[in-house]
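Coordinate inspection notes
Here is what each chain is made of, one letter per residue.
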Amino acid sequence: MIMRLIKNLKLRVKLILTFVIVAILMIIVLGIGYVAMNKTADNDDRLYHEVTVPLTIIPDMLDNINDQQQLIAMSALADGVSYQEVLTELERYSLEMDEMYAQMGEVLTDEHAIELWHDLLEKYNVFSGFKTKIINFLKMDNKPAVVYAYSGAEMQKAMEDVEDSMEALAERLYEMGQERGDYNKSAFHMWRRKFIIVLFVNLLIAAYIVIVVLKSIANPLNEVIKAAEKLVVGDIEAELRWESRDELGYLSDTFRKIIAVTKQQAAVLQTLAENDFTPDIHLRSEKDVLNRSLAEMIKNSNDMVRKIATASEQVAVGAEQLSAASKEISQGAAQQASALEQLTASMEEISVQTGENAENAKKADKLAEAAKSNADNGNHLMQDMLKAIEDISVSSKNINKILKAIDDIAFQTNILSLNAAVEAARAGNYGKGFAVVAEEIRALAEKSAEAAKQSGELIENAMEKVAHGTKIAGETAEALKRIVSGAEEVASLVGSIAAASEEQAIGIAQINQGISQVSEVVQKNSATSEEVAASEEALRHQAEGLKDIVESIKFKEFTDEKTDFELSPEVLEYLESIYKKKYQTNVVCPDEENVSTSLVAVPSDKEFGKY
Amino acid sequence: MFDISDKEFELLSEYIRKNFGIHLKKEKKGLLIGRLQNILIKNNIPNFSKYYEYLLSDKTGEAASVLANRITTNHTYFMREAAHMDYMKDHVLPYLKSTVEERDIRIWSAGCSTGEEPYTLAMVIDEFFGSDKLFWDTKILATDISDEVLNKAKKGIYGIEELKELPLGWKLNYFEPVGRDRFEIKPFLKDEVIFRKFNLMEERFFFKKPFHVIFCKNVMIYFEEQTAKKLVDKFFHWLEPGGYLFVGLSESLKRASSSLKYMEPGVYRKE
């Protein structure tokens, strides 16, 4: 309860309150001491006033009474004593006595003592009565009466009574002094005890309060210090449990906020460390430099990662294009090589054929020569043949005449057979056989006429053919003549063919050389394409690595800023050049230098299993 | 970005030509820089002259090996130039199966790069022989000059992208998945290929027996004509009569100067 109360007090109030409380406690202690001292002083005072003072009065009173007695005695006994003087003296003593009585009456507090005092007063009054008598006697100057009065037993008794009473009072006063002394002693002891107890209790209370207050200050401070120390060494798991409504509570709260903020920042940084660039940063105030930087860093990182992501994608795409290009080149190279192989094969065939052509041309030359002489020969034979055909024509005409004769005979025979048939019919049964013969003859005549007619047709035909043959033979002769001249032309052409074939052979050799050069270029291109492919592979690996890294990073997909990222012109140019490479037609000049036969720098393994 | 002077380029390209056969014309300056600058950065070498000195002074062969790794172009994929694989299946393997005695077929993949070619060959062979494969030794010799690619080839782990040309059945038969989108050649197929480091520029080859088939595809395209011709002569020497030499589809041997018979694009035969 107190703790909580103390806890929630403002530091200043707390310190002031502590001071006030301690001061109050001190005042209490001092008060007690003061009271005790006062009491003691009081007691001493009372001892002094109630005992010491009356006690000092009593001897004076005794002296006074004795002096009065002596004065009375003197006045009674001695001569020459002026009563006037005695009277004055007595008067003075009486006054003194009254004073002392009054004084005594003032200081006496004890009932018993007062009783004794009253008694003393009574006794003194008795004495005073005697004294008055004596004084009256003195006034009357009645010395004997004075002596009498003085030495009277009553007077003596009154005097003794006064003295006794005084003694009794003194005794009482002693007694009282004793009592008071004892009382004072015990009072002093009591106050001393009280004082010590209060002192002790107050000390305890003060100590308790001071400790509580100190604790209420030191504890949170220590906690804050510990937390601060942890923060200093980077430990953000600092815990601050202190809660109160004072400045220290506020300090703790603030520090808790610092820790919380630090934790938040640590969490953000941890997130960043885990490659997550998506955390949102809220500025705590206009002056939040750290979070502003953090936000800026995150924004920059996001931009950067996004750019990297875009770049890596582009690189990957570029690599893919490179790969496609190099594949295309290598396929192209393969096709080119295969085409070149075919070309080479074809060229070989052409070369062989050209050789054959040259050979054949020579043969053809010879054949043309032979053809020419044969044609000449044919021409001569053709003349002979024409003559023979003429002869055939003449013979045919003769045969035609004969055939006409045969035809006439057949006609006549037919008529004869007709007549014979008529005659045979007349002859009746006897002519029957003859009729048959006549019929036979008629048939024969018909056949003869038919045969003659056919022969005539054949002859006619033959004649036509002969005429045709004659014509053809003429044409043939003409043709043969042309053949001769043609053969001469052929011979000359074949000669030029042979020459051309030789030229062709040279051309083919040149083409072959060209092909081998092209082939070399194709191979170099193929090598280049492989190199490109290898570079592409490396590039792709890098791009993939980059992609993996980028993928492991979470980042915000966009900002309001424009972040288009293009491949650099150099890269684009390079990619383009890769595409263009397949059209490269540089001719490689083979190095003429022989390969050195020195030992190679990278030696081969020494053992090859079954090999 | 490093710069290379004409002199430096000349020295380095000459070194590369002599030792690896690779001919770099002046146009390849960019390529040389691109491929070597990482070595320079890694070894803290300020320029190419210093690099050349380092190359010559290094007697362990490490520098030259690294250079070989960097300067070789290792572009290959499964079923590259499938026409040749078909030719193997349709002509070469039936011929070998019917003629080779002792059931020992020797095939050399010279310049095997990351192993796709010999593995593809091994798959073609495995499919061709089927269950008869048991009785045949068809282990393929696969060589390259670069340790780096040989190590990858020996591991036999490829990305899914690299397998896309292969038929599904082959993917299932010859690969097993390891990790995400990664596939490893099954051990039995790995056993079918002997990977070795071999420099084709060795003056003399020292094999036990001649080969039935030599694949040397898209290797000589990086060589000068003379170097290539010398190599082809060696191949010819190391081929069995009737044996085949496969070169890249875009390559062609000088027919007039070669003793090999042209069969079809990229395929030559020793008669």
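It should be emphasised that the depicted structure is a prediction, and the values quoted were computed from it without experimental measurement.

When you go through chain A residue by residue, the secondary structure sums to ten helices and zero strands. What you see in chain A, going N to C, is helices and strands ordered as α-α-α-α-α-α-α-α-α-α. The proportion of buried residues among the 611 residues of chain A is 21%. For chain A, restricting intrachain contacts to residue pairs at least 6 apart in sequence, the fraction spanning at least 24 positions comes to 83%.

Let's shift gears to the overall build of chain B. Secondary structure summary: chain B contains ten helices and ten strands in total. Counting all 271 residues of chain B, 45% fall into the buried class. Summarising the internal contacts of chain B: among those between residues at least 6 apart in sequence, 73% fall at separations of at least 24.

The next point concerns unusual backbone geometry. Residue and element names in this part refer to chain B. Backbone geometry at Asn44 places phi at a positive 55°, although glycine is not the residue there. Examined against the element boundaries, Asn44 turns out to sit in the loop between α2 (29-42) and α3 (48-57). The class of Asn44 is exposed, set by 7 C-beta atoms lying within 10 Å. Although it is not a glycine, Arg103 sits at a positive phi angle of roughly 50°. Relative to the helices and strands, Arg103 resides in the loop between α5 (82-99) and β1 (107-110).

A few words now on the nonpolar core. Across soluble globular proteins, you tend to see nonpolar side chains buried next to one another. All names here are of chain B. Formed by 80 residues in total, the largest nonpolar core has its most connected members in Ile214, Cys216 and Leu245. Here this core gets six residues from one element, more than from any other, and that element is helix α6 (residues 116-129). Counting contributing residues, this core receives three or more from each of domain 1 (6-71) and domain 2 (82-269). Those residues within four positions of Cys216 in sequence are excluded, and the remaining contacts are Ala110, Gly111, Phe235, Leu245 and Val247.

The next thing to look at is the sheet that holds strand β3 (residues 157-159) of chain B. Pairing between the strands of a sheet is mediated by backbone hydrogen bonds and can be parallel or antiparallel. Residues and elements named next belong to chain B. Read across the sheet, three strands follow the order β3-β5-β4 without closing on themselves; strand pairing throughout is antiparallel. Taken across any chain shown, the strands that pair with only one partner, and hence form the sheet edges, are β3 and β4 (175-177). Shown here is a sheet whose adjacent strand axes are inclined to one another by a mean of 35°, direction ignored.

Residue and element names in this part refer to chain B. Across the sheet, seven strands lie side by side as β6-β2-β1-β7-β8-β10-β9; this open sheet has mixed pairing. Either end of the sheet is taken by a strand with one partner, and the two such strands are β6 (193-197) and β9 (261-264). Within this sheet the neighbouring strands show an average axis-to-axis angle of 20°, counted without direction. Direction of pairing for strand β2 (residues 140-144) relative to β6: parallel, over a ladder of five bridges. The residue bridging Thr143 from the neighbouring strand is Arg196, located in β6.

Further remarks concern the interface of chain A and chain B. The interface of chain A with chain B comprises 39 residues on the first partner and 43 residues on the second. Mapped by element, the contributors of at least two residues to the side of chain A that touches chain B are α8 (289-426) and α9 (432-552) of chain A. Of all the elements, α9 of chain A adds the most residues to the side of chain A that touches chain B, at 13 residues. Class assignment of the residues belonging to the side of chain A that touches chain B gives a composition of 16 nonpolar, 14 polar and nine charged.

This part takes up the packing of α5 of chain B against α6 of chain B. All names here are of chain B. α6 packs onto α5 with a crossing angle of 45° between their chain directions and a minimal axis gap of 10 Å. For the element pair α5 / α6, the angle class is oblique. Considering how the two elements wind past one another, α5 and α6 form a crossing that is right-handed. Each of Met85, Met88, Lys89 and Leu93 in α5 lies in contact with α6, whose residues at this interface are Thr120, Val124, Ile125 and Phe128. When grouped by side-chain class, the residues that make up the contact of α5 with α6 number six nonpolar, one polar and one charged.

With that out of the way, let us pick up the confidence of the model for chain B. When pLDDT is averaged across chain B, the result is 91; 99% of the residues are at 70 or more. Across the predicted assembly, pTM comes out at 0.56 and ipTM at 0.80.

With 138 residues, α8 of chain A should cover 206 Å at 1.5 Å per step; its first-to-last C-alpha distance of 168 Å lies more than 12% under that length. Following α8 of chain A by one or two positions, Gly428 of chain A has its phi on the positive side, about 60°.

Definitions and limits used
- Residue positions are given per chain, counted from 1 along the sequence in the order it is written.
- Labels follow written order: the first chain is A, the first ligand is 1, and so on.
- Totals for whole chains, interfaces and linings use all residues, but because this is a predicted model, local features are given only for residues with pLDDT of at least 70 and pairs of side-chain atoms are given and counted only at 80 or more.
- Secondary structure elements follow DSSP: runs of H or I no shorter than four residues count as helices, runs of E no shorter than two count as strands, and numbering proceeds from the N terminus.
- Residues with at least 20 other C-beta atoms within 10 Å of their own are called buried, those with 12 or fewer are called exposed, and the rest are partly exposed. The C-beta atoms themselves are positioned from the backbone.
- Note that contacts rest on C-beta atoms placed from the backbone: two residues are in contact if these are within 7 Å.
- What we call a nonpolar core is a set of buried Ala, Val, Leu, Ile, Met, Phe, Trp, Tyr and Cys residues whose membership is set by joining through C-beta atoms within 7 Å.
- Domain extents, as shown, originate in an automatic or database domain assignment.
- Here, strands pair whenever DSSP counts at least two bridges between them.
- Lines fitted to C-alpha atoms define the axes here, with helix axes fitted over just the stretch in contact, and angles between the N-to-C directions of these axes take values from 0 to 180 degrees.
- Here the nonpolar group is Ala, Val, Leu, Ile, Met, Phe, Trp, Tyr, Cys and Pro; Asp, Glu, Lys and Arg are the charged ones; every other residue, Gly included, is treated as polar.
- When an angle is under 35 degrees it counts as roughly parallel; over 145 it counts as roughly antiparallel; between 65 and 115 it counts as roughly perpendicular; any other value is oblique.
- Rotating anticlockwise by less than a right angle from the far helix to the near helix defines a left-handed crossing, while the corresponding clockwise rotation defines a right-handed one.
- Confidence scores per residue from the predictor, reported as pLDDT, run from 0 to 100.
- One fewer than the residue count of a helix, multiplied by 1.5 Å, yields its expected span.

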